[in-house]
Amino acid sequence: MTDAQPQPQKLYIGGEWVEPAGGHYEVVNPADESVVGLAPEASRPQVEDAARAAAEAFEGWSRTKPEERAAILDRAADIMQREFEPWTELARAETGAPTGIARGMQVGVGVARFRRYARGALEPVEKGLPPQVTEAGPMGRASILGALEVRQPVGVVTCVTSYNNPWANPAGKVAPALAMGNTVVVKPAPQDPLSVFRMADALHEAGVPAGVVNVVNGQSVEVGEAAVDSPYVDMVSFTGSTGVGQRIAEVCGRTMKRQLMELGGKGAAIVFGDADLDAAVMGIGTTFSFYSGQICTAPTRVIAHRSVYDQLIEKLTGYLAFMKVGDPAAAGTVVGPVISAAHRDRVESYVELGKKEGARIAYGGERPVVGEDGKGFYVAPTLLVDCTNDMRVVREEIFGPVVVVVPFDGDEDEAVRLANDSDFGLLSYVWSGDSARAFRVARRLRAGGVGVNTIGRNMEAPFGGFKRSGVGRDVGSYALHAYSEIQSIVWTG
């Protein structure tokens, strides 16, 4: 970032930029601990103002033509593309993500999702159902009943977003919600909210009507609570930890608010004896490089057949040796910092716990020093091996650049049993040279998605989790469905 004095960020409520009642706090660059900017601290009444503004705007926005909604989303994407470089720089500074990740997987994905849901606004929302012939009876004369399934917007959606990706994550909520005719209140993660306000800039310039989009922020738990429990809010879309998701679900249950929850993960990566080990290592290695392991879809829990166990560890260790930890802005950096000092300490405590539980550190385990002053929240990419399924490091989400490896000696039944022995079920992975077995095993895994010999994702495929990894599905047209209610209209002919 530049040496200019950071300008205090205002809230975005009812189409206006509003001074925060709680003042401002510093957003810190995880790479060097410098101040990126000053984020606003909203009060509960201001959050309520935002929810009220969204409720008042809903009637008009929900009745706009789909073409109008599509045009606004497309114009917003144009503006994001125009500001791509400075907004990439901001994303990198806020999150500590290396430049390539900030460009391609943060701002780039944000633009792509706005483009996708500009098209999505034009998808049909009505589907005719087969007519039903009814005999004469107590309900009336014989008749032929027609029926229509109609997707209607839910109403006001509170979007609570995660810190690991302040572009792709809110874009994946806001764009489909708006495309369906909903209005939104966005509550960014307090660690890196400034990028989300740039998204609001783009929508404001694109001509979104007042009140349709509102962005409130704060470090106080009260801000998030107000955004969830407001009587003006009809639905909550949340990405974050399972613990926070459970508390939000309890609040939503009181008034039967709709929910979309994308929560924690502990992705199992089964590696069979006939697997392409180089491909498996490349896939598992993304845990270290993508967001420094701060990604719920990462293959962090490797379940490797004994016949390839030693070779896999050797290849993973060699792969890690070439993963440069350093300043995200520097050329060649693969692994940047984690989001905060507190999170660094948490990840490191898990590594120490793993050692106490009997795991062996095959690589990493010591805090790296980056730069002459040693500032920044860096964690060494770490490989814990000789693990068992009862260890906490195997069972709990670490959310850092740490991979655990559990060996198995038996057949695919044992591999499936170990993979499914988890509270989580977001994404899992299977590597095998036998495609029939790989797909057979994939069908048996209790996970919302399974990658077969790949970590790639089809961005039209439904995304979400089993068990404590979430409720509901989004991505592609499934996101449009997630932000809609189904209405039946029946008539007689």
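Conventions used here
- Residue numbering note: each chain is counted from 1, following its sequence as written.
- Side-chain atom pairs in this predicted model are given and counted only at pLDDT of 80 or more, local residue features only at pLDDT of at least 70, and totals for whole chains, interfaces and linings cover all residues.
- Think of the side-chain values as coming from all heavy atoms in the structure, minus any hydrogens and water.
- Ring pairs shown here join Phe, Tyr and Trp side chains whose ring centres sit within 6.5 Å, with only the six-membered ring taken for Trp; geometry is labelled stacked below 30 degrees between planes, edge-to-face above 60, and tilted in between.
- Under the scheme applied here, a residue whose accessible area is under 20% of the maximum for its type counts as buried, over 50% as exposed, and between as partly exposed, the area being computed with a 1.4 Å probe on protein chains only.
- Numbering goes from the N terminus for both helices and strands, where a helix is a DSSP run of H or I of at least four residues and a strand is a run of E of at least two.
- As used here, the arc belongs to the directions running from the helix axis to the C-beta atoms.
- Throughout, a contact is declared for two residues whenever any of their heavy atoms are within 4.5 Å.
- For the purposes of these results, a polar contact is taken to be a pair of N or O atoms within 3.5 Å, where, inside protein, one atom must be able to donate a hydrogen and its partner to accept one; residues adjacent in sequence count only when each atom of the pair is a side-chain atom.

Caption draft 1: Representation of the packing of aromatic side chains within the structure. This structure, assessed with the given rule, holds 6 aromatic pairs. Taken together, a centroid distance of 4.7 Å and an interplanar angle of 45° make the contact between Tyr12 and Trp17 tilted. Residue classification places Tyr12 among the buried residues on the basis of a relative accessible area of 1%. By relative accessible area, Trp17 is classed as partly exposed at 29%. Their ring planes at 85° and their centres at 6.0 Å tell us that Phe272 and Phe408 sit as a pair that is edge-to-face. With Phe272 in the loop between strand 12 (268-271) and helix 9 (277-289) and Phe408 in strand 16 (residues 402-408), this pair connects stretches of sequence that are 136 residues apart. Like Phe408, Phe272 is buried. An aromatic cluster is built from Tyr12, Trp17 and Phe197, whose rings are joined through pairwise contacts.

Caption draft 2: Seen up close, helix 14 (residues 435-444). Listing the buried residues of helix 14 in full gives Arg437, Ala438, Val441 and Ala442. Within helix 14, the buried residues cover an arc of 135° as seen down the axis, which keeps them to one side. Turned more than 90 degrees away from the buried face of helix 14 sit Phe439 and Arg443, all of them exposed. Where helix 14 is buried, its residues touch strand 12, helix 13 (412-420), strand 18 (427-431) and strand 19 (449-452). The N-terminus of helix 14 is capped by Asp434, whose side-chain oxygen sits 3.1 Å from the backbone nitrogen of Ala436.

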